[in-house]
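Given next are the chains, with one letter for each unit.
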2 protein chains.
Amino acid sequence: MNKIDLTSCPICSKLQIDNQETLLDDLKYSVKTYKKNELIIRQGEICDGLYMLMLGSVKTEMITENGNTLGIEIIKAPLPLAPAFVFSDNNRFPVDVTTLEEVEIMKIPKDEIMRLMITNHDFMSSFMTHNANRTQFLTNRLQLLSIKTIKGKIAHFLLENSTSEGKPFNINRNQTELAEFFGVARPSLARSLSEIVQDGIIKIEKKEYTILNYKGLRELLI
Amino acid sequence: MNKIDLTSCPICSKLQIDNQETLLDDLKYSVKTYKKNELIIRQGEICDGLYMLMLGSVKTEMITENGNTLGIEIIKAPLPLAPAFVFSDNNRFPVDVTTLEEVEIMKIPKDEIMRLMITNHDFMSSFMTHNANRTQFLTNRLQLLSIKTIKGKIAHFLLENSTSEGKPFNINRNQTELAEFFGVARPSLARSLSEIVQDGIIKIEKKEYTILNYKGLRELLI
DNA sequence: TTGAATGTGTAACAATTGTGACATATTTAT
DNA sequence: ATAAATATGTCACAATTGTTACACATTCAA
């Protein structure tokens, strides 16, 4: 059996190394691998365990009733997928999950998770915190969607993703994905982006963005 | 000290009655009361404990960066307020909380919650489930916001809230609140509503809604 | 009961966004 | 290297929504 390194996984990192190994020895779980661009979980499927992304990255997206897709997020290993839903009353996945590269996923049954939480309080604590952080993420997502103008969304997004004043930073989404993330039409996003560029507020080079005028960008939120 | 009935609270209901009493005897907590229309929690405030709404009802809303408000939900006692945020890394309330009537709130410190979870696995389990359900709620909210047309939002909302085919049901929000909930302008909502009424798809009498044409309503989602 | 406050209906017009189409650029796979 | 696939820029026009304003209805409180 392969050694699996979970030290950089937020819900397992607090475990002592030797604990981690006994943990994994005792643990009942299964591992599956998937190829690139596979749809591995469909929105609405029953979620009867914890799906831990061990290797690779996936994207999650929500299919709206009108058939549009709303991009939710990109998840890189090692992180659990939709961990909250194991315990919800209606335990169905709220999103489609598609691989972005070759992916390895470990599935741990719900009762095993329960046992882990009871026997290992560090695990319980980090599991709680991780789920809490996910809630916060969703809240932020809600906030972004509640901004009505496209320029406002762009401003919110760029200000959130920029590091230090004036320095370039990378956005690992193309325009189509950004448009999905914002829930707007792609040409509309392109138009708004090019207007902000023409106004000298930001500079875009491929996926590298630079904020040239913070004040101007912040004013787009109003 | 008053006896407090938590049997209808989702995170406490599974506790045995006698457990509940010893639980509350040992528990460190404080109770505060508030009047109607008080702003009791401000978006961004530190959340250093579990706030349990014991009596009354409150509304939560998010203040967007552009100054608009987005109505999130109405919470009726007994239910915890933003329980997930106690454990998040950035433990700040994501919303404003305003009382809708006279309200009583019990605050339990974070470490007490931790102790409860460790000593009482039923509590832990229901706390997990409740938080999971909240995540699902937020996901639904996200789904509603991701529908682009106002008629689509109305359709989604009414289909979700209707009980059995053709029977009237009550929506406990006025138009202004509904508009906030949908994140749209009030007159725009009124216009869309009246169009749907004129098309004979629904009937509105005060806050009582009746769906007259399910097929037609569903088509608005497309 | 009566005035005040709040909620609803509606209109003209402005602003923003979506649509569909196309050319061009860039990336990817063979 | 080259064709195919994907991504981007841009346009004219349609559709939807927001804005502001005001009349009228309803509810609430003194």
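Residues numbered from 1 in each chain as written. Chains lettered and ligands numbered in written order. Predicted model: local features only at pLDDT ≥ 70, side-chain atom pairs only at ≥ 80, totals over all residues. Heavy atoms only, no water.

A. Representation of the overall build of chain A. Helix and strand content of chain A: seven helices and eleven strands. For chain A, the residues scored as buried account for 51% of the 222 residues in total. Sequence-distant contacts in chain A: of pairs separated by 6 or more residues, those separated by 24 or more amount to 71%. Just so you have it, chain A exposes about 10,600 Å², and 47% of that area is on carbon and sulfur atoms. (Helix = DSSP H or I, 4+ residues; strand = E, 2+ residues; numbered from the N terminus. Buried < 20%, exposed > 50% of the residue type's maximum accessible area, 1.4 Å probe, protein only. Contact = heavy atoms within 4.5 Å. Areas by Shrake-Rupley, 256 points an atom, 1.4 Å probe, with all protein chains shown as cover.)

B. Layout of the packing of helix 5 (residues 175-182) of chain B against helix 6 (residues 186-198) of chain B. Residue and element names in this part refer to chain B. In contact at an axis separation of 9 Å, helix 5 and helix 6 are set at 105° when each is read in the N-to-C sense. Regarding the angle of helix 5 to helix 6, the classification is roughly perpendicular. Contact residues: helix 5 offers Gln175, Thr176, Leu178, Ala179 and Phe182, while helix 6 offers Arg186, Leu189, Ala190 and Leu193. A per-class count over the contact of helix 5 with helix 6 returns six nonpolar, two polar and one charged. (Axes fitted to C-alpha atoms, helices over the stretch in contact; angles between N-to-C directions. Parallel < 35°, antiparallel > 145°, perpendicular 65-115°, else oblique. Nonpolar A, V, L, I, M, F, W, Y, C, P; charged D, E, K, R; others polar.)

C. Region of interest: the side chain of glutamate 61 of chain A. By the secondary structure assignment, glutamate 61 of chain A is in strand 4 (residues 57-63). Excluding residues that lie within four positions of it along the chain, glutamate 61 of chain A makes contacts with Gln43, Leu70, Gly71, Ile72, Val95, Asp96, Thr98 and Glu180 of chain A.

D. How the structure looks around the sheet that holds strand 11 (residues 208-211) of chain A. Residues and elements named next belong to chain A. Spatially, 9-11-10 is the arrangement adopted by the three strands of the open sheet, whose pairing is antiparallel. If you trace the sheet from one side to the other, it starts and ends with strand 9 (169-170) and strand 10 (202-205), each paired once. Against the sheet, helix 4 (residues 150-161) touches strand 9, strand 10 and strand 11, its axis set at about 95° to strand 11. In this fold helix 6 (residues 186-198) packs onto strand 10 and strand 11, with an angle of close to 120° to the strand it touches most, strand 10. (Pairing = 2+ DSSP bridges.)

E. Focus on the interface of chain A and chain B. Counting from both sides, the interface comprises 45 residues of chain A and, opposite them, 45 residues of chain B. In total, about 4,100 Å² of surface goes out of reach between chain A and chain B, with carbon and sulfur atoms giving 67% of it. Our count for the contact surface shared by chain A and chain B stands at zero salt bridges. For the side of chain A that touches chain B, the secondary structure elements donating two or more residues are strand 4, strand 5 (69-76), helix 2 (110-119) and helix 3 (121-146) of chain A. Sort the elements by how many residues they give to the side of chain A that touches chain B and helix 3 of chain A lands first, with 18 residues. Tallied by class, the residues present in the side of chain A that touches chain B amount to 22 nonpolar, 18 polar and five charged. (Buried area = accessible area lost by both parts, 1.4 Å probe. Salt bridge = Lys/Arg side-chain N within 4 Å of Asp/Glu carboxyl O.)

F. Just the protein's contact with DNA strand C, in detail. With respect to spatial proximity, 16 residues lie near DNA strand C, and among them Thr149, Ile150 and Ser188 of chain A together with Asn174 and Gln175 of chain B are the closest. Take the atoms of DNA strand C that sit within 4 Å of the protein: sugar and phosphate atoms are 61% of them. Separating a base nitrogen of DNA strand C from a side-chain N or O atom of arginine 191 of chain A is a distance of 3.1 Å. Glutamine 175 of chain B places a polar side-chain atom, nitrogen or oxygen, 2.5 Å from a phosphate oxygen of DNA strand C. For the surface near DNA strand C, the secondary structure elements donating two or more residues are helix 6 of chain A together with helix 5 and helix 6 of chain B. No other element matches the four residues that helix 6 of chain B contributes to the surface near DNA strand C. Looking at the surface near DNA strand C, its residues break down into six nonpolar, six polar and four charged. (Near = heavy atom within 4 Å. Polar contact = N/O pair within 3.5 Å; in protein donor to acceptor, adjacent residues only side chain to side chain.)

G. View of the side chain of histidine 130 of chain A. Residue and element names in this part refer to chain A. Its place among the elements puts histidine 130 in helix 3. For histidine 130, a relative accessible area of 10% corresponds to the buried category. If we ignore the near neighbours within four places in the chain, the residues touching histidine 130 are Pro10, Ile11, Leu79, Pro80 and Pro83.

H. Main features of the relation of the copies chain A and chain B. Expressed as a screw transformation, the operator carrying chain A onto chain B has a rotation angle of 180° and an axial translation of 0.0 Å, and the superposed copies differ by an RMSD of 0.1 Å. Read as a symmetry element, the transformation amounts to a two-fold axis. Taken as a fraction of all interface residues of chain A, those also at the interface in chain B reach 100%, which identifies the copy contact as same-surface. (Least-squares fit on C-alpha atoms with pLDDT ≥ 70 in both.)

I. Molecular detail of the pattern of salt bridges. Residues and elements named next belong to chain A. Enumeration over the complete set of coordinates arrives at twelve salt bridges over all chains. With a shortest N-O distance of 2.9 Å, glutamate 195 and lysine 151 are connected by a salt bridge. Of this pair, glutamate 195 sits in helix 6 while lysine 151 sits in helix 4, placing them 44 residues apart in sequence. Lysine 215 is the partner of glutamate 219 in a salt bridge, and the nearest nitrogen-oxygen pair spans 3.5 Å. One end of the pair is glutamate 219 and the other is lysine 215, both in helix 7 (residues 214-219) and four residues apart, which spans about a single turn. By relative accessible area, which is 43% here, glutamate 219 ends up partly exposed. A relative accessible area of 59% places lysine 215 in the exposed class.

J. Region of interest: the sheet that holds strand 5 of chain A. All names here are of chain A. With respect to topology, four strands assemble into an open sheet ordered 2-7-4-5, the strand pairing being antiparallel. Looking at strand neighbours, the two that pair on one side only are strand 2 (39-41) and strand 5, the edges of this open sheet. Averaged over all pairs of adjacent strands, the angle between their axes in this sheet comes to 30°, without regard to strand direction. Bridge analysis of strand 4 against strand 7 (residues 96-99) gives four bridges, and the strand direction is antiparallel. Its bridge partner lying in strand 7, valine 58 is registered against threonine 99. Against the sheet, helix 5 (residues 175-182) contacts strand 4 and strand 5, and its axis sits at roughly 110° relative to strand 5.

K. Representation of the protein's contact with DNA strand D. Taken together, 16 residues lie near DNA strand D, and Asn174 and Gln175 of chain A together with Thr149, Ile150 and Ser188 of chain B sit nearest. The sugar-phosphate backbone supplies 55% of the atoms of DNA strand D found within 4 Å of the protein. Here a base nitrogen of DNA strand D and a side-chain polar atom of arginine 186 of chain A are 3.1 Å apart. Listed by contribution, the elements that provide at least two residues to the surface near DNA strand D are helix 5 and helix 6 of chain A together with helix 6 of chain B. Considering only residue class, the surface near DNA strand D consists of six nonpolar, six polar and four charged.

These figures come from the coordinates and say nothing about function on their own.
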